[in-house]
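Observations on the model geometry
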Amino acid sequence: MFFRAAWSLVLRKTGPGIRGMHSPGTHGEGKMPPYTSYHAQRTYPMPDEPFCTELNAEQRALKEKEKGSWTQLSHAEKVALYRLQFHETFAEMNRRSNEWKTVMGCVFFFFGLTALLIWWQRVYVFPEKPITLTDEWKAQQLQRILDMKGNPVQGLASRWDYEKKEWKK
Amino acid sequence: MAHPFQMGLQDATSPIMEELLHFHDHTLMIVFLISSLVLYIISTMLTTKLTHTNTMDAQEVETVWTILPAMILILIALPSLRILYMMDEINNPSLTVKTMGHQWYWSYEYTDYEDLNFDSYMTPTQELKPGELRLLEVDNRVVLPMEMTIRMLISSEDVLHSWAVPSLGLKTDAIPGRLNQTTLMAMRPGLYYGQCSEICGSNHSFMPIVLELVPLSYFEKWSASML
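Cut-offs applied
- Residues numbered from 1 in each chain as written.
- Chains lettered and ligands numbered in written order.
- Predicted model: local features only at pLDDT ≥ 70, side-chain atom pairs only at ≥ 80, totals over all residues.
- Heavy atoms only, no water.
- UniProt positions renumbered as here; feature names shortened; annotations may be inferred.
- Helix = DSSP H or I, 4+ residues; strand = E, 2+ residues; numbered from the N terminus.
- Rg over C-alpha atoms; globule rule 2.2 N^0.38 Å.
- Buried < 20%, exposed > 50% of the residue type's maximum accessible area, 1.4 Å probe, protein only.
- Pairing = 2+ DSSP bridges.
- Axes fitted to C-alpha atoms, helices over the stretch in contact; angles between N-to-C directions.
- Contact = heavy atoms within 4.5 Å.
- Buried area = accessible area lost by both parts, 1.4 Å probe.
- Salt bridge = Lys/Arg side-chain N within 4 Å of Asp/Glu carboxyl O.
- Polar contact = N/O pair within 3.5 Å; in protein donor to acceptor, adjacent residues only side chain to side chain.
- Nonpolar A, V, L, I, M, F, W, Y, C, P; charged D, E, K, R; others polar.
- Domains from an automatic or database assignment.

In the nomenclature of an unreviewed UniProt entry, chain B corresponds to Cytochrome c oxidase subunit 2 from the organism Ursus americanus. Comment text from UniProt for chain B, heading Subcellular location (unreviewed entry), reads "Mitochondrion inner membrane". If you open the UniProt record of chain B and go to Sequence similarities (unreviewed entry), you find "Belongs to the cytochrome c oxidase subunit 2 family."

The name recorded for chain A in an unreviewed UniProt entry is Cytochrome c oxidase subunit 4, from Ursus americanus. In its Subcellular location (unreviewed entry) section, the UniProt entry covering chain A states "Mitochondrion inner membrane". We quote the UniProt Subunit (unreviewed entry) comment for chain A here in full: "Component of the cytochrome c oxidase (complex IV, CIV), a multisubunit enzyme composed of 14 subunits."

See below:
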């Protein structure tokens, strides 16, 4: 109950520079105000300027209380002070997103589109394959290369066993 | 010649090409090491939870990654220069063959003793005999004696061409108005294929080179028959 009361301290929209939170637990962002000097990111998480610059009376009272001993502050008050100073917690700032699903979806979509284009090209654009790509010609070609001992050191002919007339195991 | 799905260089037929193969292995290994290191660093940078990005002073690592690449480059340059100078060694060729590039065929001249000239056109695909290599066979092959040092003089009659035979480690530009020289020494008999390696017009891909390396007696018989 106290927590909710303290939370209400933060939920006021009292002027530019303050971003309202929807409610605890939702991770959406409100509309970003146009001009603010607060800018935090994962590599620069704690800027000097506070998040909320214009404070109402309760918030100002809380800030006064902050000047005293921090052991006097309740947990809810500490959370409220944190929310005044910072926009998001580390956990909220570093949260994962579903962006990867969109990216992978688009990638696969373009794969499919490209596959369709390539298939259409093979059917309607490409000319006849030359005779040298038939299996019979390729076999005769291989025999010719083996006969002339092409690449006999480490290449093709080196893998052929000329005595047994078969590929080396 | 190259075979389907070949990944590396063709087997060496001359000693220089053997050197080049070993140098290629050495340099490629260095390249793979550097590439895998970079790939690893990229993957760690993308998956790290660390967020500090303001490091300004890093003298030790800066020194290391200046000195280490310099050493690697020296390690590559020294064998490279060694082979470069090896190619230019005096070797007393026994035979001189001249080749002129034309659009789009090669012509060869053996003029040491008699006057032997012929053109070498690519065999069109329709006229190939079964089992011949498409776009690589020619009507008149360049017959040369094996295990003998041969001087090749290369030039062009019209535009730039390049006379290349990969398994011998040869590639020399054919430049009109200029005579380029290279030496050829094949250790094995056989057929060695190459293709024109400088863009020269529409049939640039269709003017191959085929060397037929044979024992000296066969070469003498062939040159007598060609005259």
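Overview of the overall build of chain B
Broken down by element type, chain B carries three helices and ten strands. Taken from the N to the C terminus, the helices and strands of chain B come in the order α-α-β-β-β-β-β-β-β-β-β-β-α. A globule of 227 residues ought to have a C-alpha radius of gyration of about 17 Å, yet chain B, at 23 Å, is considerably larger. Principal-axis analysis of the C-alpha atoms gives chain B an extent of 80 × 45 × 35 Å. Buried residues in chain B amount to 37% of all 227 residues.

Examining the sheet that holds strand S2 (residues 105-110) of chain B
Residue and element names in this part refer to chain B. Read across the open sheet, the five strands follow the order S3-S2-S1-S5-S8; overall the sheet is mixed. Edge strands, defined here as strands with exactly one partner in the open sheet, are strand S3 (116-120) and strand S8 (180-184). Between one strand axis and the next, the sheet turns through 25° on average, direction left out of account. Pairing of strand S1 (residues 95-102) with S2, which is carried by five bridges, proceeds in the antiparallel orientation. Within the sheet, the bridge partner assigned to Thr 99 lies in S2 and is Tyr 108. Contacting S1, S2 and S3, helix H3 (residues 216-226) runs over the sheet at an angle of about 90° to S3.

A word on the interface of chain A and chain B
In this complex, chain A contributes 18 residues to the contact, which on the side of chain B involves 22 residues. Where chain A abuts chain B, roughly 1800 Å² becomes buried across the two surfaces, and 56% of that area is made up of carbon and sulfur atoms. Across the chain A-chain B interface, the total number found is one salt bridge. Its salt-bridge partner being A:Arg144, residue B:Glu137 comes within 2.5 Å of it at the nearest N-O pair. Applying the counting criterion to the chain A and chain B interface returns nine residue pairs in polar contact (both at pLDDT 80 or more). Considering only residue class, the side of chain A that touches chain B consists of seven nonpolar, seven polar and four charged.

Concerning the pattern of salt bridges
Residue and element names in this part refer to chain A. Scanning the model with the defined rule gives eleven salt bridges over all chains in all. Across the pair Lys 67 and Glu 64 runs a salt bridge whose closest N-O atoms are separated by 3.2 Å. Accessibility classification places Lys 67 together with Glu 64 in one group, the exposed group.

As for the pairing of S8(B)
Residues and elements named next belong to chain B. Where burial is concerned, the two faces of S8 differ: the one with Asn 180, Thr 182 and Leu 184 is buried and the one with Gln 181 and Thr 183 is not. Relative to S8, strand S5 (residues 150-156) runs antiparallel, the two being bridged by five bridges. Looking at the pairing, Ile 150 lines up with Leu 184 of S8.

Overview of the UniProt feature "domain: Cytochrome oxidase subunit II copper A binding" (unreviewed entry) in chain B
Under the local residue numbering, the UniProt record ascribes the feature "domain: Cytochrome oxidase subunit II copper A binding" (unreviewed entry) to residues 92-225 of chain B. Taken end to end, residues 92-225 of chain B is 7% helix and 43% strand, and its first and last C-alpha atoms sit 27 Å apart.

A short note on the domain arrangement of chain B
Residues and elements named next belong to chain B. As far as domains go, chain B holds domain 1 (15-88) and domain 2 (95-226). Spacing between the C-alpha centres of domain 1 and domain 2 amounts to 38 Å. With four residues of domain 1 at the interface, the matching set in domain 2 holds seven residues. Summed over both sides, the interface of domain 1 with domain 2 buries roughly 320 Å², with 65% coming from carbon and sulfur. On the domain 1 side of the interface with domain 2, the three residues burying the most area are Pro 15, Met 17 and Met 87, jointly 84% of the side's total. Our enumeration of links across domain 1 and domain 2 arrives at zero salt bridges. Taken together, domain 1 and domain 2 are joined by zero residue pairs in polar contact (both at pLDDT 80 or more). Counting residues per element, the side of domain 1 that touches domain 2 draws most heavily on helix H1 (residues 15-47), at three residues.

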